[in-house]
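# Chain and residue survey
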Amino acid sequence: MCGAARRLVSRRGMLGGMLGGGALVALGAATASGAPADARTIAARQRFFGTDTVDAGTGEVRPDRVVLSWVGCATYAVAFAGTVLLLDAWVPRLSSAGYVPATAQDLADLRPAAILIGHGHFDHAGDAGRIAQASGAVVHGTAEHCATIRAQVPDPGFGTVALGDAATAPGSVHEFRVGDIAVTAVRHLHSGPTAPDPVQGSAPFFPVPDLCAIAQHPPTLDDLRVGLPRLRDEEGGCLLYQLRTPGFSLVWHDSAGPLLEKAPQVFDVFAGLAPTDLQIGAIQGFNQLTNGLRDPRTYIEALRPRLFVPAHHDNWLPGFTAPAATYTATLHAELDRIPAEHRPELRSLLDPTDYIAPARLTFQI
């Protein structure tokens, strides 16, 4: 079984030694100003973003590039027009340590300016407090996200920005900036089951779980000690983000909810956003059990990106989730329901070989 699974996906801890928050904020400012960065930051940025994107002396990232590295589930490390940030902040390891070749310390070493949280469940925000504490990154999310993340560490020394709260209405919009990046956050819905939809729905989809990763990469006691308490963390609301700079726009969302039944007005907000070059969107969700990949498709139809990259579709929790390759045929069939003139190019990322693979998602601005 494990050998077959390895062929199917053949395309391929804990923060160690925290430094003072103030010193790291100062280091981040020095990096942004062009002063030499810490050697670990330079090495981490070159690994996640490519040696041709990161200055070997200062650690600065090129302002004419957008580079994204997948870190499992829906977490991405991003170099966007000269600014480093994280989309979600969790390295999968609760049930399989080392399946994703990265650690929370690696993400802290990137010295991100900001962490954007899609929602507060453990598989999206479980490492956010420790990464922010070690790097000085400012956390953006709902008030509940921010409170939960600050509670993850003692004496939090990082900033937070609340974008509404759990009671904020779907479709609400928040505008802000991170460096030279204009950001729009839109309140939407987490995935959830609805009754079979005879018009827009698709056939139920049950990807076959793969337990091999547990046998090959068993969790450590530290992974369990740190991860199990995070299972209680609440969603706290769900946010979709659009990041824009002249010449490029990115939409990222770490869930896709049943907007057709519960919040159809959100589609109008999506359609009113600036044109989207790249959409990275979650395709795994609870509604696939009754309506297949209908909900991810409806997000794509409203946003009309030129390129779509699926996320949250990998074997991040073996036994509950499945390898990304098991989604390929079903996703292609779902996208075929979109008229050809509005259908985006699909670029699938497959686990484990496309983790920390910046060449897969590098764009010139």
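Above this note sits the structure.
An account of the accompanying structure is given in this report. Quick caveat: nothing in here was measured; it's all calculated off a predicted structure. (Residues numbered from 1 in each chain as written. Predicted model: local features only at pLDDT ≥ 70, side-chain atom pairs only at ≥ 80, totals over all residues. Heavy atoms only, no water.)

Each helix and strand counted, the protein chain has 14 helices and 14 strands in total. Its C-alpha radius of gyration of 19 Å places the protein chain within 12% of the 21 Å reference for a compact globule of 365 residues. Once the C-alpha set of the protein chain is aligned to its principal axes, its extents read approximately 60 × 45 × 40 Å. Put simply, the protein chain shows about 13,500 Å² of open surface, and 59% of that area lies on carbon and sulfur atoms. On the protein chain, the mean spot of the 28 positive side-chain charges and the mean spot of the 35 negative ones are 3 Å from each other. (Helix = DSSP H or I, 4+ residues; strand = E, 2+ residues; numbered from the N terminus. Rg over C-alpha atoms; globule rule 2.2 N^0.38 Å. Areas by Shrake-Rupley, 256 points an atom, 1.4 Å probe, with all protein chains shown as cover. Lys, Arg positive; Asp, Glu negative; His and termini not counted. Charge placed at Lys NZ, Arg CZ, Asp CG, Glu CD.)

Side chains of nonpolar character tend, in soluble globular proteins, to be buried together. Core analysis: the largest hydrophobic core is formed by 67 residues, its most contacted members being Phe49, Leu68, Tyr76, Phe80, Tyr241 and Ile280. Looking at which element gives the most residues to this core, the answer is strand 2 (residues 76-80), with five residues. Excluding residues that lie within four positions of it along the chain, Ile280 makes contacts with Leu68, Tyr76, Leu250, Val251, Trp252, His253, Val309, Ala311 and Leu361. Ranked by size, the runner-up nonpolar core spans 14 residues in total, among them Leu240, Ala256, Phe270 and Leu303. (Core = buried A, V, L, I, M, F, W, Y, C linked by side-chain atoms within 4.5 Å. Buried < 20%, exposed > 50% of the residue type's maximum accessible area, 1.4 Å probe, protein only. Contact = heavy atoms within 4.5 Å.)

Pairing within the open sheet is mixed, and its seven strands lie in the order 6-5-4-3-2-1-14. At either end of the open sheet lies a strand with only one pairing partner, and these are strand 6 (160-162) and strand 14 (362-364). Averaged over neighbouring strand pairs, the angle between their axes works out to 20° when direction is ignored. Bridge count between strand 5 (residues 138-141) and strand 6: three bridges; the pairing is parallel. (Pairing = 2+ DSSP bridges. Axes fitted to C-alpha atoms, helices over the stretch in contact; angles between N-to-C directions.)

Spatial ordering of the open sheet is given by 7-8-9-10-11-12-13, a layout of seven strands whose pairing is mixed. Of all strands in the sheet, those with a lone pairing partner are strand 7 (173-178) and strand 13 (345-346), marking the two edges. Two elements, strand 12 (residues 307-311) and strand 13, share two bridges in a ladder whose sense is parallel. When the sheet's bridge partners are listed, Phe308 is paired in strand 13 with Leu346. Sitting on the sheet, helix 13 (residues 294-303) is in contact with strand 8 (181-188), strand 9 (238-245), strand 10 (248-253), strand 11 (278-282) and strand 12, with an inclination near 160° to strand 11.

When strand 7 meets strand 8, the two strands line up antiparallel, connected through six bridges. Directly across from His174, in strand 8, lies its bridge partner Ala185. Connecting the antiparallel pair strand 7 and strand 8 is a turn made up of two residues, with Gly179 showing a positive phi of about 60°.

Just distances and angles here, no functional claims.
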